[in-house]
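Reading the structure
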Amino acid sequence: MQFLKALPPESVTRTAQHSKLGLITLGQMLNEWASHDLGHVRQIAELYRAKAFHPHAGPFSVYTTLHP
């Protein structure tokens, strides 16, 4: 994280060639990195919800759609 904090703000405009997406910027890659990790946090929360709460929901479980 210290490395990223030390980068000058204009670094986000640096580009690279992605094998499938073509030209991408460092800013776009960092955005995707954060978004991807948050997706895993969501998955963990859904797994916890499915195990800890859903079994005890009784009739309310019909209102819950799980996506673990």
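Heads up: these notes are all about the structure in this document. For every chain, the first residue of the written sequence is number 1, and numbering continues from 1 onward in sequence order. Totals for whole chains, interfaces and linings use all residues, but because this is a predicted model, local features are given only for residues with pLDDT of at least 70 and pairs of side-chain atoms are given and counted only at 80 or more. Side-chain metrics in this entry use all non-hydrogen atoms of the structure; hydrogen atoms and water are not considered.

Thoughts on the overall build of the chain
As a reminder, the rule being used: Counting from the N terminus, the helices are the DSSP runs of H or I reaching at least four residues and the strands are the DSSP runs of E reaching at least two. Restricting the calculation to C-alpha atoms gives the radius of gyration, and the globule rule supplies 2.2 Å times the number of residues raised to the power 0.38.
For the chain, the helix and strand inventory stands at 2 helices and 2 strands. Starting at the N terminus and walking to the C terminus, you meet the elements of the chain as α-β-β-α. A compact globule built from 68 residues should have a C-alpha radius of gyration of about 11 Å, whereas the chain, at 19 Å, is more than 25% larger. Principal-axis analysis of the C-alpha atoms gives the chain an extent of 55 × 30 × 15 Å.

Quick look at the environment of Val41
Operational definition: Per-residue accessibility, obtained with a 1.4 Å probe over protein chains only, is compared with the maximum for each type, and a residue is labelled buried under 20%, exposed over 50%, and partly exposed between these values.
Mapped onto the elements, Val41 comes out in helix 2 (residues 26-52). Overall, Val41 belongs to the partly exposed group, its relative accessible area being 49%.

Focus on the pairing of strand 2 (residues 22-25)
Applicable threshold: Criterion used throughout: strands pair if DSSP finds at least two bridges between them.
Two elements, strand 1 (residues 15-18) and strand 2, share 4 bridges in a ladder whose sense is antiparallel. Bridged to Ala16 within strand 2 is Ile24. Counted along the chain from strand 1 to the antiparallel partner strand 2, the turn is 3 residues long.

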